[in-house]
Each structure stands twice: as C-alpha cells, then as structure tokens.
Amino acid sequence: MTVSSDLTGRARLREAALRLFAERGFEATSARAVAAAAGLSPALVIHHFGSKEGLRAAVDEEVLGRIGAALRDADALAGEGAEAGTGTGAGAGAGTGADVMAAVGAVSARMFGADPVLRGYLRRVLQEESAASAALFARLLRGARAELDRLAAAEGADATDARWAPFQMLCLILGPLLLEPVMQPNLDQPMFDPQVLASRSAANQHLLRHGLFGPRP
C-alpha cells in the first residue's frame, strides 16, 4: 500500500499513518512502516513530526479537521433548509431545530459512511485505553457540547440533562463505528450504506427530540 505522490511529504506520511493506525493500531505500527507506505525515508517522520507520537497528534488533528469541516457543511445545509422554508425574515438562513438536527445527521452519516478508514481509525484509537485516546475523546466531547448548544438555540429549549447529553450524543454517533464488527452480522444490509445511514440518522433524530418512548412526529 502506498499513498498518492501528489501530496506533500508531510501529508503523505500523515495519510499513510492514518491508514496503518486504522488497520493495525498505533502500538503495532512502526514509523518505518509508515514511511515505507508513504514511499519516503523513515528519517522524514522525525523531520516533520519529531516522533511517532507527534505523527499521531498530526493524524488526530486531521481527523478532527475533517469532522469540523463536515459540521461546517451542516451549517450551510441547515441554512439552505431555512431559506427554502421561510425565504425571508430575521430567522431566514439560521435554521430551525429540525433543520439543524437533520443537517448534522445528514453530514455525519455521509462522512462516516464514505470513509471506512476514518471509521477504522476512530474505532482503534478510542478503544486503546491510552492518554492520547482519552484526549481525543475529550475534544470530541467538547465538540458535542458545542453542537448541543447550537441545537438548543435552534430548538428554543435546553437538553433535559446537560451533564449527560453530550455523552449520549456521542454514543449515538460513535456507537455504530465502535460496534461495527458485531452489529453488521445482525443486520440484513451493510450498515453504512446510504439508505441504512439515512434510516438510522432519522431514528437518532427522533430519539434526541422526543425520547425513546416519545410521540411519533
């Protein structure tokens, strides 16, 4: 496996590391293996990142950057939904609670569904019980809190339990990634196919808005 040569050396190493860490885990992947996959000298790992741990930090930043970009897409999508629904007025373009939640669900599903490497990386790193994995989760948790604040503003109501709501949201999003190997045999379709993702996203949105035993919309 090699990484495209159109990328810079630093980006080639980072992309190779992302794939290998997803496949093998951080501890089982050497800096030399990453360099070989990128078609570069092992010395360049130290040159660009200082250490294998520095390389891992760069991979984490890239993963968080992709998630952040997807959420920015959700902002745009929610704005389009609001403009289509209202056209004018002070709230036009801002998005209702339904707009924002549906947009976040749609772009999250699209991002994770289209990127098995990203899913594999998060599955590996979040299950390895290291300080680095806890730090990555903490940053995802901060992002979940920010998204909940945005949803609360759009809904005009706060979550019923501010302490646990961010954890619950992350469990809904990350649970299928972490449990994919054991969930898939219990489903009759590939769990990250677009139709399955859309169905699960709609179910998650209903759960978030109405509770497990709340009224049907």
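All values derive from a computational prediction rather than experimental measurement.

## Considerations on the confidence of the model for the protein chain
Across the protein chain, pLDDT averages 86, with 86% of residues at or above 70. Every residue in residues 86–94 scores below 50 in pLDDT, and together they form eight contacts with partners more than four places removed in sequence or on other chains.

## Observations regarding helix α2 (residues 31–38)
Residue pairs spaced three or four apart in an α-helix point in one direction, given the helix's 3.6 residues per turn. Where α2 is concerned, the buried positions are V34, A35, A37 and A38. In an axial view of α2, the angular spread of the buried residues amounts to 160 degrees, which keeps them on one side of the axis. With respect to the buried face of α2, the exposed residues turned more than 90 degrees away are R32 and A36. Following α2 by one or two positions, G39 adopts a phi angle in the positive range, close to 70 degrees.

## A word on the packing of aromatic side chains
The way to describe two aromatic rings as a pair is by their centre distance and the angle between their planes. Per the counting criterion, the structure on display carries three aromatic pairs. Note on F21 and F26: the rings are 5.3 Å apart at their centroids and 70 degrees apart in plane angle, and the pair reads as edge-to-face. The buried category is assigned to F21, whose relative accessible area is 2%. For F26, a relative accessible area of 8% translates into the label buried. A connected cluster of aromatic rings, assembled from ring pairs, spans F137, W164 and F167.

The rules behind each value
- Residues numbered from 1 in each chain as written.
- Predicted model: local features only at pLDDT ≥ 70, side-chain atom pairs only at ≥ 80, totals over all residues.
- Heavy atoms only, no water.
- pLDDT = per-residue confidence, 0-100.
- Contact = heavy atoms within 4.5 Å.
- Buried < 20%, exposed > 50% of the residue type's maximum accessible area, 1.4 Å probe, protein only.
- Helix = DSSP H or I, 4+ residues; strand = E, 2+ residues; numbered from the N terminus.
- Arc of directions from axis to C-beta.
- Phe/Tyr/Trp six-rings, centres within 6.5 Å; stacked < 30°, edge-to-face > 60°.

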